[in-house]
Amino acid sequence: MTHKETTIVQGERVQLPTKYGHFELIPFQEKETGLEHMALIKGVFTKNKPVLTRIHSACATGDLFGSLRCDCGDQLMEAMKMIEQNGVGVIVYLQQEGRGIGLMNKMKAYKLQELGRNTIEANLELGFAADERNYQIGADILNALGVQKVKLLTNNPDKIVGLEEIGIQVVKRVPLIIPSNVFNKFYLDTKELQMGHQLSSGKLEKTSNDY
């Protein structure tokens, strides 16, 4: 895809002081769907140097309300703290609620989970894949920011594969380990045992060429 064929429109870059540190924020809008995403940026990116990066899918229940049914909000806050401490990094915040199925369907999945299904079974019963997300928009945003190499803050191996398939080089995986609680232990166990998420160690993991 050439620059002229970009799928996104970039908005104004503004300062965003937060309780976790001082960042800059740039909104992006998909041309085709009108969906609006964000990049939360810290520091200055150096060409060809990997950038500490979090690709975060929106989770209204976790990010806004502090839901204990998932670890999403805690992962987002931990990523902000780690990037602030690192001095350089970016969080790409994508409107892909419920691993891409949307808020209404996510609540339907939650209801099925209350009846005993795990998160994968609930999605499948609703006619969706276990994970419906597409990381092309995330890659387009990283490209717009001049980021081609990342140290990825994620527990999800599929996210690494998805980004590398569309041209973003993941040189390290940095897990975001959030302790489980009584409300999300079954959910986190499912992600670890059936989806391959790394949830048991916070050590830095090499995935490609180290820099």
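Quick caveat: nothing in here was measured; it's all calculated off a predicted structure.

What follows deals with the UniProt feature "domain: GTP cyclohydrolase II" (unreviewed entry) in the protein. Under the present numbering, the feature "domain: GTP cyclohydrolase II" (unreviewed entry) in UniProt falls on residues 13-175. Helix makes up 37% of residues 13-175 and strand 28%, whereas the separation of the span's terminal C-alpha atoms amounts to 29 Å.

What follows concerns the state of the cysteines. Covalently bonding the sulfur atom of one cysteine to the sulfur atom of another cysteine gives a disulfide. By the definition in use, this model includes zero disulfides. The structure places no disulfide on Cys 59, whose sulfur is separated from the nearest cysteine sulfur, that of Cys 70, by 3.8 Å. For Cys 59, a relative accessible area of 4% gives the class buried.

Turning to the domain arrangement of the protein, a few remarks are in order. Annotation of the protein at the domain level lists domain 1 (8-92 + 135-203) and domain 2 (97-132). One C-alpha centre belongs to domain 1, the other to domain 2, and the line joining them spans 21 Å. Taken together, the 12 residues of domain 1 in the interface contact 15 residues of domain 2. Both faces combined, the contact of domain 1 with domain 2 buries some 1,100 Å², and carbon together with sulfur accounts for 54% of it. Arg 69 is the salt-bridge partner of Glu 114, the closest N and O atoms lying 2.9 Å from each other. At the junction of domain 1 and domain 2, the tally comes to four residue pairs in polar contact (both at pLDDT 80 or more). Mapped by element, the contributors of at least two residues to the side of domain 1 that touches domain 2 are α1 (60-64) and α8 (185-195). Here the residues of the side of domain 1 that touches domain 2 sort into seven nonpolar, four polar and one charged.

In this section: the packing of aromatic side chains. Within this structure, the stated rule accounts for zero aromatic pairs. Above the face of the Phe 23 ring, Lys 42 is positioned so that its terminal group lies 5.7 Å from the ring centre. Between Arg 69 and the ring centre of Tyr 110, over which it is positioned, the NZ or CZ distance is 4.0 Å.

Quick look at helix α6 (residues 136-144) now. Considered for burial, the residues of α6 that qualify are Ile 137, Gly 138, Ala 139, Asp 140, Ile 141 and Leu 142. Of the surrounding secondary structure, the elements contacted by the buried residues of α6 are β1 (8-10), β3 (21-30), β4 (36-42), β5 (51-57), β6 (89-94) and β7 (149-153). With its phi angle positive at about 80 degrees, Gly 146 sits one or two positions after the end of α6.

For the structure on display, the rule yields two cavities of 30 Å³ or more. Roughly 390 Å³ of internal volume is contained in the largest cavity. Forming the boundary of the largest cavity are 30 residues, of which Cys 72, Arg 99, Arg 133, Tyr 187 and Lys 191 lie nearest the centre. Contributing elements (two or more residues each) for the lining of the largest cavity: β5, α2 (72-86), α3 (97-100), α4 (103-114), α5 (119-125) and α8. Partitioning the lining of the largest cavity into residue classes produces nine nonpolar, 12 polar and nine charged. Two domains share the lining of the largest cavity, each providing at least three of its residues, namely domain 1 (8-92 + 135-203) and domain 2 (97-132). Taken as a whole, the second largest cavity encloses approximately 60 Å³ of empty space. Lining the second largest cavity are Phe 45, Thr 46, Asn 48, Lys 49, Val 51, Gly 146, Val 147, Gln 148 and Lys 149. Residues that form the lining of the second largest cavity fall into these classes: three nonpolar, four polar and two charged.

Conventions and cut-offs
Residues numbered from 1 in each chain as written. Predicted model: local features only at pLDDT ≥ 70, side-chain atom pairs only at ≥ 80, totals over all residues. Heavy atoms only, no water. UniProt positions renumbered as here; feature names shortened; annotations may be inferred. Helix = DSSP H or I, 4+ residues; strand = E, 2+ residues; numbered from the N terminus. Disulfide = S-S within 2.5 Å. Buried < 20%, exposed > 50% of the residue type's maximum accessible area, 1.4 Å probe, protein only. Domains from an automatic or database assignment. Contact = heavy atoms within 4.5 Å. Buried area = accessible area lost by both parts, 1.4 Å probe. Salt bridge = Lys/Arg side-chain N within 4 Å of Asp/Glu carboxyl O. Polar contact = N/O pair within 3.5 Å; in protein donor to acceptor, adjacent residues only side chain to side chain. Nonpolar A, V, L, I, M, F, W, Y, C, P; charged D, E, K, R; others polar. Phe/Tyr/Trp six-rings, centres within 6.5 Å; stacked < 30°, edge-to-face > 60°. Lys NZ or Arg CZ within 6 Å of the ring centre and 35° of its normal. 1 Å grid on protein atoms, 1.4 Å probe; cavity = no way out; pocket = protein on both sides within 12 Å on 5 of 7 lines; lining within 4 Å. Points joined across faces, edges and corners; volume = space filled by probe spheres on them.

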